[in-house]
Amino acid sequence: MVAAATAALGLAACGGSSGASTSSVIVKTGGSGSTSSTGSANTSTASRTATAPPPRPKPVFPPYPQLLHGATATSPTNFVPASRWQGQTAAWVAHSPSGVSLLSFDQRLAKLTLHSGTIDAGTEGWRYGPAITGIERRHLIAAFNGGFRLSTGAGGFMSYGKVAVPLRDGLGSIVSYSDGTTDIGSWHQGVPAPGKTAVSVRQNLNLLIDKGAPAANADCPSCWGATLGGVSDPARSALGITAHGRLIWAGGEHLTPSTLAGALLGARVLRAVELDINPQWVAGYLYGHRHGVGPLAPVQVLPDQPGIAGQLLTPYSRDFFTVAAR
């Protein structure tokens, strides 16, 4: 998978500009090829003009995010650049020794969007539906799974004024605002921010991390969702935010809630919401744009996960999030 993705990524390669060489200029008079030995000030001016470096051309960036070599890393590593937009790193990826993979996003360059699925929350009337399409696809950096099935009663779902499940006070909420920023907190106990308009909200249980500390029941696996086969450490995922507004997605196989919380705390997350669990529903992707030609090249962030059919580029039954360049 890594080899195929790497060949198709269109990895960033910024070409440097080469300065033109200059040579000394001889100022000739109107005589038969003789040079002027008078007017030293004029000669000096001509010399300065001839040797002045040409103005540097403004950098030209591609109209799509550039996937970097770090995106294909699978061995344990601290955060390394994974995607660049307009010459600046917009996303980083890390893999912890405990088996947690993490994505970090700079909200000054990237925007989070909540999508409905064909079943959760259905296809009718949603601005962002069950597949990534249009201009969002052209600016796509990453995408990852949403929360529990809405039928479990774990929380609400609202997008651009349309409500699938009513929002509930006190639940952990991923709130995106009309200015393109996203925050995470307890509904009506920190979010939404005063004076801001929420355009989407996805709730899922209580906060897994609050005020930089894990939830008091983080050591109770059964408190954080029903697992297939009753195992305590299925695949799990979560989304958090740091003091500087970085969004951190984390996921992996064989994780307890406390292990997942520990990895997020290691990334300096202050608040976090657990997202979906179990192998079939935990997946994260970074996307290569193949120099803007042809279909996107998804790179799976969790190498040991089965992934999602269609990699969120075709209709998917569950809700999910995208991260696209601003």
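Residues numbered from 1 in each chain as written. Predicted model: local features only at pLDDT ≥ 70, side-chain atom pairs only at ≥ 80, totals over all residues. Heavy atoms only, no water.

S.K.: Describe in detail the overall build of the protein chain, supporting the description with residues and values.
M.R.: Looking only at helices and strands, the protein chain features 4 helices and 19 strands. Counting every position in the protein chain, which comprises 326 residues, the buried fraction comes to 48%. Sequence-distant contacts, at least 24 apart, represent 64% of the contacts inside the protein chain between residues at least 6 apart. With the model as given, the accessible surface of the protein chain reaches about 15,200 Å², and the carbon-plus-sulfur share is 54%. (Helix = DSSP H or I, 4+ residues; strand = E, 2+ residues; numbered from the N terminus. Buried < 20%, exposed > 50% of the residue type's maximum accessible area, 1.4 Å probe, protein only. Contact = heavy atoms within 4.5 Å. Areas by Shrake-Rupley, 256 points an atom, 1.4 Å probe, with all protein chains shown as cover.)

S.K.: Now, about helix α4 (residues 257–266): what can you tell me, with residues and values included?
M.R.: Three- or four-residue spacings in an α-helix give side chains the same orientation, since the helix completes a turn every 3.6 residues. Among all positions of α4, only P257, L260, A261, A263 and L264 are buried. Viewed along the axis of α4, the buried residues span an arc of 160°, placing them on a single side of the element. Just beyond α4, the residue with positive phi is R268, at close to 65°. (Arc of directions from axis to C-beta.)

S.K.: Residues and numbers for the nonpolar core, please.
M.R.: Counting residues in each nonpolar core, the largest one holds 38 residues, and the members touching the most others are F105, I141, F144 and L286. Setting aside its immediate chain neighbours within four residues, I141 contacts P65, S83, A90, A91, F105, A110, Y285, L286, Y287, V323, A324 and A325. Counting 22 residues, the second largest nonpolar core, distinct from the first, contains W224, A238, L255 and A263. (Core = buried A, V, L, I, M, F, W, Y, C linked by side-chain atoms within 4.5 Å.)

S.K.: How would you sum up the confidence of the model for the protein chain? Please name residues and give values.
M.R.: Looking at the protein chain as a whole, its pLDDT mean stands at 88, while 85% of the residues score no less than 70. The model gives residues 1–41 a pLDDT under 50, and that stretch makes 44 contacts with residues more than four places away or in other chains. (pLDDT = per-residue confidence, 0-100.)

S.K.: I'd like to hear about the state of the cysteines, residue by residue, with values.
M.R.: Considering all chains together, one arrives at 1 disulfide under this definition. At a sulfur-sulfur separation of 2.2 Å, the disulfide partner of C220 is C223. Given an S-S torsion of about 75°, the disulfide between C220 and C223 has right-handed geometry. Here C223 falls in the partly exposed class, since its relative accessible area comes to 35%. (Disulfide = S-S within 2.5 Å.)

S.K.: Can you break down the pattern of salt bridges residue by residue, with the values?
M.R.: This model, assessed by the stated rule, comprises 8 salt bridges. Across the pair R202 and D319 runs a salt bridge whose closest N-O atoms are separated by 2.9 Å. A residue pair is termed long-range when its members are at least 10 positions apart, and R202 in strand β11 (residues 198–203) and D319 in the loop between β18 (297–300) and β19 (320–325) qualify at 117 residues. The exposure classification of R202 matches that of D319, with both residues buried. Among the ionic pairs, E274 bridges to R236, the shortest N-O distance being 3.0 Å. Of this pair, E274 sits in strand β16 (residues 269–277) while R236 is found in strand β14 (residues 236–242), placing the two residues 38 residues apart along the sequence. Judged by its relative accessible area of 0%, E274 falls in the buried class. Looking at R236, the relative accessible area reads 0%, which means it is buried. (Salt bridge = Lys/Arg side-chain N within 4 Å of Asp/Glu carboxyl O.)

S.K.: Go over the sheet that holds strand β8 (residues 162–165), please, and point to the residues and values.
M.R.: Within the open sheet, the 5 strands sit side by side as β8-β7-β11-β9-β10. Their pairing is antiparallel. Either end of the sheet is taken by a strand with one partner, and the two such strands are β8 and β10 (182–186). Each neighbouring strand pair of the sheet contributes to a mean axis angle of 20°, computed without reference to strand direction. As paired elements, strand β9 (residues 172–177) and β11 share 5 bridges and run antiparallel to each other. Considered in β11, the bridge of V175 is made with V201. (Pairing = 2+ DSSP bridges. Axes fitted to C-alpha atoms, helices over the stretch in contact; angles between N-to-C directions.)

S.K.: So what's going on with the sheet that holds strand β17 (residues 284–288)? Residues and values would help.
M.R.: Strand pairing in a sheet takes place through backbone hydrogen bonds and is either antiparallel or parallel in direction. Strand order in the open sheet formed by 5 strands is β5-β19-β6-β17-β18, and the pairing between neighbours is antiparallel. Looking at strand neighbours, the two that pair on one side only are β5 (110–115) and β18, the edges of this open sheet. In this sheet, neighbouring strand axes are inclined to one another by 25° on average, regardless of whether the strands run parallel or antiparallel.

S.K.: Explain the pairing of β17 to me, using residue names and the numbers behind them.
M.R.: For β17, the tally of buried residues reaches 5 of 5 residues, placing the bulk of the element in the interior. The two faces of β17 match: G284, L286 and G288 on one face and Y285 and Y287 on the other face are all buried. Note: strand β6 (residues 140–145) against β17, 3 bridges, orientation antiparallel. Residue A142 lies in a different strand from β17, and its bridge partner there is L286. As paired strands, β17 and β18 are joined by 4 bridges and run antiparallel to one another.

S.K.: Just give me the short version of the pairing of β6, but keep the residues and values in it.
M.R.: The buried fraction of β6 is high, at 6 of 6 residues. Across 5 bridges, β6 lies against β19 in antiparallel orientation. Bridge pairing in β19 links A143 to T322.

S.K.: Which residues make up the side chain of T182, and what values do they have?
M.R.: Following the sequence through the fold, T182 ends up in strand β10. On the basis of relative accessible area, T182 is assigned to the buried category, the value being 3%. Here the side chain of T182 touches S176 through a polar contact of 2.7 Å, side chain to side chain. Beyond its immediate stretch of four places on either side in the chain, T182 contacts Q107, L112, I174, V175, S176, I241 and L247. (Polar contact = N/O pair within 3.5 Å; in protein donor to acceptor, adjacent residues only side chain to side chain.)

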